[in-house]
Amino acid sequence: MSIPLAELSNIHRVFRQGQVEVHALRGVDLRIDHGEFVSIMGPSGSGKSTLLNIIGCLDRPTSGRYLLEGRDVVSMNDSRLADLRNRFIGFVFQMFHLLPKLTAVQNVELPLIYRGWPAADRRRRAVEVLQAVGLGERLHHRPTQMSGGEQQRVAIARALAGRPSLILADEPTGNLDSRNSEEIMNLFVRLNREQGITIVQVTHEPDMAQMGKRIVYMRDGCVVGEERLS
Amino acid sequence: MPGDLTPGPAPALQPAAAAAVDEPRRSPLLAAWVRFVYTLQMAVTGVLSQPLRSGLTALSVVIGVVTVVSLIGIGEGARRSVVAQFASLGENVIIIETLDDRFQFEPGLAEELVERVSELAYATPVVETEAAVRWRRERGNLAVLGVNEQFPLIRDHQLAAGTFFSDLHVRQRSRVVVLGYNVAARLLGGRSPVGQTMTVEGRTFRIIGVLNPKGTGQAGGIDDMIVVPYTVAQQISGVRNVRQIWAKADSPEQADLAVARLGRIFRREVGLSPVTGGGGGEKPENPDEAGGVAPPRSTGSRLGSAEELVAVTSLNQMVKEADRANRVMTVMLGGIAAVSLLVGGIGIMNIMLVSVSERTSEIGLRKALGARRTDLLTQFLAEAFMLSVAGGAAGLVLALISRDVLGAFGLQAVITPQSALISLGLAVAVGIVFGVYPAWTASDLPPAEALRRK
């Protein structure tokens, strides 16, 4: 494929906390192609999450170049970035980040609302996606009435609702038991294999990383190694 | 259950590449409308989900609006009662009075002024004195007003019973008396006194009429006076000359003209007076003013300028000035009260800041999912707007109630549509102004940072 999905060159990210400067990323180069399933691994503080945030346009690099499907993201203003996230990227978080007062369907509808879909359309799509992740019976439950695995599947349905090219998952199984973790990872694998959705996940767990196609190792804000899995 | 996709109604998940084809083109206007409506729904939910907190915030606006409306209302009430007092003295009335005891008017001057100043329709000399009065077994001292037959026309004064005295009564010094309303009520206890007699300074007077009430404290207490022909009042007081003349013009414009012309006449009369220094720099007089007026009798030897001796005052001007002074007062009261609205605004800002910091992670999530800055600004501003409108509306209702309470304590407050609208507008403006900062803060957070907080 000629144009990579994401192409990062020499990305730096410096956080300032008072007088102290923390270099979270020190010149990261990374290319992610369409259809990949990348796992980013590394010890705490190695900059994995910061890198994922930058890929997801949730954060801006202090310096460096980042092209998302050929578009220069660094120069975009906030509302263009919001639209970009809305159309191209689905997020899955370790803490699920579901809104507790909303039902499963209402949570899944959120990205479609910001895309401006009328109520009937987004309701239909939300139900569709929830059924696809196996939560057809749980449409009107609130997060507190669901298990962790179910909550994470609602979050995945939310990420899928807008038909993204890219799903970014920050330790998606970090709060789940091994059985639920496996189910979630299987879901990712199938989404990647059957629908060609590119997946980038941050994980601590080698087992989970092994389920992808490529592992990127990080340490001290730098990419220190790569491993392609068959 | 197995961790893979359920087969179900499976065309649901199509390859991502199909997304652009699959999604129908929607008008951007519709999309913006959908977002806007949703944002407003979120704002309503935000306000309603914390009823106590929202209520307390709105309360600070309520207090502000009640204070503004009530204080403006009290100011407006005072203004209206002052204007009403002046209005009860009659429209287009001009009062001519001497400011110096040594300079007094011939009673005949009233009639002459009407002849010479064409803008004047009526005029009466005014003699004020006091007399011992007896009616049956009742005795007492009463204020006596001596005027001519034109008095009711000048003061727009109707009679409750009987008639006013006539030109003939005045010329013949008839002993007739018209009673002020309170005098009639007090002395005669409701029975019609017309046709009966009473004793004034030992002489018998025939009661021919009773004046309508003008209300307490108004029109110089006319309700507590008795009115007799000025010729008779001169006899009672033993003073021939008068210190006041009341005149009336037909319209406000004519009243203004008459005031100017009277001023010129008196400057010249005083100027002609042998004992004063010439009145200084007189303009040439109108020929019609040149006819002989009996010069005001001067008993003293050193008289000042006309302005120091004779005051020609139009009640219209006094009403205007009193009105203006009271308006200034009302604006000041309203301004002071507006400070309490400011406090309400700070209350709103405080609550919005708390609400923003509580929802930081939600804000981050919404931004991650595609909420733009404007969506969040709209949401938080709408919350502030709703709180201030609700507070403002409740404040208006309370202000209406407090107006009646104040009224029960004798304090007249007037709530006009303008003062209601102004304070409601102020409340809303305060809500928006103080809502902007928290809303700005909320929308400014980078999503990655907002998501980290909990």
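Colleague: Residue-level account of the overall build of chain B, with values.
Modeller: Scanning chain B from terminus to terminus reveals 15 helices and 12 strands. Out of the 454 residues in chain B, the part that is buried amounts to 46%. Partitioning the contacts of chain B with sequence separation of at least 6, the portion at a separation of at least 24 is 81%. Accessible area for chain B stands at about 21,900 Å²; split by element, carbon and sulfur atoms hold 60% of it.

Colleague: Give me the lowdown on the overall build of chain A, citing residues and values where you can.
Modeller: A count of helical and extended segments in chain A gives 7 helices and 10 strands. Within the span of chain A, comprising 230 residues, buried residues form 59% of the whole.

Colleague: Explain the interface of chain A and chain B residue by residue, including any values.
Modeller: Residue-level contacts link 45 residues of chain A with 37 residues of chain B. At the boundary of chain A with chain B, total buried surface from both sides reaches about 3,900 Å², with 59% on carbon and sulfur atoms. For the chain A face of the interface with chain B, the top three residues by lost area are Tyr114(A), Arg163(A) and Gln195(A), together amounting to 20%. The interface formed by chain A and chain B includes 1 salt bridge. The shortest N-O distance in the salt bridge between Asp83(A) and Arg372(B) comes to 3.0 Å. For the pair chain A and chain B, the number of links is 6 residue pairs in polar contact (both at pLDDT 80 or more). When contributions to the side of chain A that touches chain B are tallied by element, the ones reaching two or more residues are α2 (78-88), β6 (89-93), α3 (104-115), α4 (119-132), α5 (148-161) and α6 (178-195) of chain A. Of the residues contributing to the side of chain A that touches chain B, the split by class is 19 nonpolar, 10 polar and 16 charged.

Colleague: An account of empty space enclosed by the protein is needed here, citing residue identities and associated values.
Modeller: Residues and elements named next belong to chain A. Taken as a whole, this structure holds 4 cavities of 30 Å³ or more when the rule is applied. The computed volume of the largest cavity comes to approximately 70 Å³. Lining the largest cavity are 14 residues, and of these Asn86, Ile89, Gly90, Pro111 and Ala159 lie nearest its centre. Broken down by secondary-structure element, the contributors of at least two residues to the lining of the largest cavity are α2, β6, α3 and α5. A per-class count over the lining of the largest cavity returns 7 nonpolar, 3 polar and 4 charged.

Colleague: I'd like a rundown of the sheet that holds strand β10 (residues 222-228) of chain A, residues and numbers included.
Modeller: All names here are of chain A. Pairing is mixed in the open sheet, where 6 strands are placed in the order β6-β7-β8-β3-β9-β10. Edge strands, defined here as strands with exactly one partner in the open sheet, are β6 and β10. The sheet shows a mean angle of 15 degrees between the axes of neighbouring strands, direction not considered. Along the sheet, α2 makes contact with β6 and β7 (166-170), crossing β6 at roughly 80 degrees. Contacts from α5 reach β6 and β7, with the element oriented near 165 degrees to β6.

Colleague: Which residues make up the pairing of strand β8 (residues 203-211) of chain B, and what values do they have?
Modeller: All names here are of chain B. With 3 bridges joining them, strand β5 (residues 159-162) and β8 adopt antiparallel strand pairing. By the bridge assignment, Gly162 is partnered in β8 with Gly209. Pairing geometry for strand β6 (residues 176-179) and β8, over 4 bridges, is parallel. When the bridges of β8 are listed, Val178 appears paired with Gly209. In the sheet, strand β7 (residues 197-200) pairs with β8 via 4 bridges, with the strands oriented antiparallel. Looking at β8, one finds that Val200 is bridged to Arg203. Taking the residues that link successive antiparallel strands as the turn, the β7-β8 hairpin has 2 residues, and the phi of Glu201 there is positive, at about 50 degrees.

Colleague: Account for the environment of Met349(B), naming residues and giving values.
Modeller: All names here are of chain B. Along the chain, Met349 falls in helix α11 (residues 315-358). Between the alpha carbons of Met349 and Val430 there is a distance of 9.6 Å; along the sequence they are 81 residues apart. Once residues within four sequence positions are removed from consideration, Met349 is found in contact with Phe434, Tyr437 and Pro438.

Colleague: How would you sum up helix α2 (residues 28-48) of chain B? Please name residues and give values.
Modeller: Its 21 residues place the ends of α2(B) 30 Å apart at the C-alpha level, agreeing with the 30 Å of an ideal helix rising 1.5 Å per residue. Residues Ala31(B), Val34(B), Arg35(B), Tyr38(B), Thr39(B), Met42(B), Ala43(B), Gly46(B) and Val47(B) constitute the buried set of α2(B). The secondary structure elements touched by the buried residues of α2(B) are α2, α3 and α4 of chain A together with α3 (51-87), α12 (360-368) and α13 (373-408) of chain B.

Cut-offs applied
- Residues numbered from 1 in each chain as written.
- Chains lettered and ligands numbered in written order.
- Predicted model: local features only at pLDDT ≥ 70, side-chain atom pairs only at ≥ 80, totals over all residues.
- Heavy atoms only, no water.
- Helix = DSSP H or I, 4+ residues; strand = E, 2+ residues; numbered from the N terminus.
- Buried < 20%, exposed > 50% of the residue type's maximum accessible area, 1.4 Å probe, protein only.
- Contact = heavy atoms within 4.5 Å.
- Areas by Shrake-Rupley, 256 points an atom, 1.4 Å probe, with all protein chains shown as cover.
- Buried area = accessible area lost by both parts, 1.4 Å probe.
- Salt bridge = Lys/Arg side-chain N within 4 Å of Asp/Glu carboxyl O.
- Polar contact = N/O pair within 3.5 Å; in protein donor to acceptor, adjacent residues only side chain to side chain.
- Nonpolar A, V, L, I, M, F, W, Y, C, P; charged D, E, K, R; others polar.
- 1 Å grid on protein atoms, 1.4 Å probe; cavity = no way out; pocket = protein on both sides within 12 Å on 5 of 7 lines; lining within 4 Å.
- Points joined across faces, edges and corners; volume = space filled by probe spheres on them.
- Pairing = 2+ DSSP bridges.
- Axes fitted to C-alpha atoms, helices over the stretch in contact; angles between N-to-C directions.
- Expected span 1.5 Å × (residues − 1).

Honestly, it's all geometry; don't read function into it.
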